[in-house]
Amino acid sequence: MKRTLTFLLSAICFCSCAKQSDITLRQQVAQMVMVGFQGTDINNCGEIAQVITNEHIGGIILFEYSAPTKSRPRNIVSVEQTRTLVAELQKLSQIPLFVAIDEEGGMVSRLKSRYGFLPTVTPQYLGQTNNEDTTRFYARRIAEACRSVGVNVNFAPSVDVNVNPNCPIIGKLGRSFSSDVETVIKHARWFASEHQKANVGCAIKHFPGHGSSLADSHLGLTDVTQTWTRAELKPFETLLAEPNGPMLMTSHIFNAKLDSVYPATLSKPTLSIVRDSIGYNGVIFSDDMMMNAISKCYGLEEAVFRAIEAGVDVLIFSNNIDEYNPNIAHQVIELIMKMVADGRISKERIAQSVERIMLMKHVICSSN
């Protein structure tokens, strides 16, 4: 890598961090961790404040509904409250945080109109309307909503091809633009373009394609071996190869055509398609490592190790599936540190991810 970690860190002149030579291995590891949390203001989310201050985690993810408690609010009450919450948490971080959200529009929306945000439509509606101005209009609305509250990473759009309209987590929720690959590509490109204008990073998902699945990977291991085709790769191959293209989120689907042992997030052969075949060298986010497809099938240590070895840069722990673990960031950082100490993961592998992360943070955070 031509650019060193020190160079990239020093490029982030907008942060109030210590001299870049002071960043420790532990702080580098922590940049690879993104967590969800409970709380709507700085006074009732002391736990995440401590994690940001003491562990220097790389990012947070916001939700409006708490699945563990089956209640609202989680993090979002209003536009002003969310803006203030994010700003206060950013102030605690020596290195600017990735502040992420799933804001696809329609059924998958955290910034709802009930909280004062403008309404959105589903990707399916946009694909069926098939009008560039309409897609750009709603994509711009979403991007501006994100930026207005300090969100700088949107885990959207889904570029899953609508192979199975009855797929419980994609087709049935209107999350795919179309069953036509080229339609998916052009609408995703317009969506990402409007986010780029607003200085919000997009991460397309769910690699290598979730649209043909018969089940929901939130609930357990989902096998698409018999339903998936290589055509589902094309949106990723096209968009990730473009200059200044989007980032990427993996899926937890199992696809024996690509790896007969591990699901995509944990699969080096699968993610090598991204790194080697496509030549993408940007940030790869895992899907939520607490989803049952991972948490119920693999131990935390194995899952973390396999994901990093596969090529994932940022590990997401939403704390928003079945249980809430206030110590998850600390536990994951400790695990990775031990793996480095034991020689299972190299310092060079950590630096590789941190370089990608810092470069992206420089791009999306420098205008704040």
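Residues numbered from 1 in each chain as written. Predicted model: local features only at pLDDT ≥ 70, side-chain atom pairs only at ≥ 80, totals over all residues. Heavy atoms only, no water.

1. Thoughts on the pattern of salt bridges
Item 1. Counting across every chain of the model gives 21 salt bridges.
Item 2. Residues Arg-83 and Glu-80 are paired through a salt bridge, measuring 2.4 Å at the closest nitrogen-oxygen approach. With Arg-83 and Glu-80 both in helix H4 (residues 79-92), this residue pair falls 3 residues apart, about one helical turn.
Item 3. A salt bridge links Arg-356 to Asp-313; the nearest nitrogen and oxygen atoms lie 2.8 Å apart. Highlighted residues: Arg-356 in helix H13 (residues 347-365) and Asp-313 in the loop between helix H11 (300-310) and strand S8 (314-317), separated in sequence by 43 residues. In this pair, the class of Arg-356 matches that of Asp-313, namely buried.
Item 4. Residues joined in a network through salt bridges with shared partners are Asp-102, Glu-104, Arg-110, Arg-175 and Lys-205. (Salt bridge = Lys/Arg side-chain N within 4 Å of Asp/Glu carboxyl O. Helix = DSSP H or I, 4+ residues; strand = E, 2+ residues; numbered from the N terminus. Buried < 20%, exposed > 50% of the residue type's maximum accessible area, 1.4 Å probe, protein only.)

2. As for unusual backbone geometry
Item 1. The step from Lys-205 to His-206 runs through a cis peptide bond, and the omega angle for that step is 0 degrees.
Item 2. Within the secondary structure, His-206 sits in strand S5 (residues 201-207).
Item 3. Cis geometry is found at the peptide bond from Phe-207 to Pro-208, where omega equals 5 degrees.
Item 4. For Pro-208, the position within the fold is in the loop between S5 and helix H8 (234-240).
Item 5. You will see that His-56, though not glycine, has its phi angle at about 60 degrees, which is positive.

3. With respect to the nonpolar core
Item 1. Core analysis: the largest hydrophobic core is formed by 112 residues, its most contacted members being Ile-48, Ile-60, Phe-155, Phe-285 and Leu-315.
Item 2. With 8 residues, helix H12 (residues 328-341) is the largest single contributor of residues to this core.
Item 3. With sequence-adjacent residues up to four places away left out, Leu-315 is seen in contact with Met-32, Val-33, Met-34, Ser-286, Met-289, Val-304, Ala-307, Ile-308, Val-332 and Ile-336. (Core = buried A, V, L, I, M, F, W, Y, C linked by side-chain atoms within 4.5 Å. Contact = heavy atoms within 4.5 Å.)

4. Thoughts on the confidence of the model for the protein chain
Item 1. Of the residues in the protein chain, 92% have a pLDDT of 70 or more, and the chain-wide mean is 93.
Item 2. pLDDT under 50 marks residues 1-21. Its contacts with residues more than four places away, or in other chains, come to 34 contacts. (pLDDT = per-residue confidence, 0-100.)

5. Observations regarding the packing of helix H6 (residues 132-148) against helix H7 (residues 181-197)
Item 1. Where H6 contacts H7, the axes come no closer than 8 Å and their chain directions differ by 40 degrees. The pairing of H6 with H7 is recorded here as oblique in orientation. Helix-helix and strand crossings are classified by hand; for H6 and H7 the assignment is right-handed. Counted together, Glu-132, Thr-135, Arg-136, Ala-139, Arg-140, Ile-142 and Ala-143 of H6 and His-187, Trp-190, Phe-191, Ser-193, Glu-194, His-195 and Lys-197 of H7 form the full contact between these two elements.
Item 2. Within the contact of H6 with H7, the residues separate by chemical class into 5 nonpolar, 4 polar and 5 charged. (Axes fitted to C-alpha atoms, helices over the stretch in contact; angles between N-to-C directions. Parallel < 35°, antiparallel > 145°, perpendicular 65-115°, else oblique. Left-handed = near helix turned anticlockwise from the far one by under 90°. Nonpolar A, V, L, I, M, F, W, Y, C, P; charged D, E, K, R; others polar.)

6. Brief notes about the packing of H11 against H12
Item 1. One can describe the packing of H11 onto H12 by two numbers: an axis separation of 10 Å at closest approach and a directional angle of 65 degrees. In this structure, H11 meets H12 at a crossing whose hand is right-handed. Across the interface between the two elements, Leu-300, Glu-301, Val-304, Phe-305 and Ile-308 of H11 pack against Ile-328, Gln-331, Val-332, Leu-335, Ile-336 and Met-339 of H12.
Item 2. Of the residues belonging to the contact of H11 with H12, the class tally is 9 nonpolar, 1 polar and 1 charged.

7. Thoughts on the packing of aromatic side chains
Item 1. According to the stated counting rule, one finds 5 aromatic pairs in the structure shown.
Item 2. Plain terms: the ring middles of Phe-137 and Tyr-138 are 5.0 Å apart, the flat faces sit at 90 degrees to each other, and that makes the pair edge-to-face.
Item 3. The exposure class of Phe-137 is partly exposed, given its relative accessible area of 38%.
Item 4. Take Tyr-138: its relative accessible area is 19%, and that puts it in the buried class.
Item 5. Both rings, one in Tyr-262 and one in Tyr-298, keep their centres 6.1 Å apart while their planes meet at 40 degrees; by these two values the pair is tilted. (Phe/Tyr/Trp six-rings, centres within 6.5 Å; stacked < 30°, edge-to-face > 60°.)

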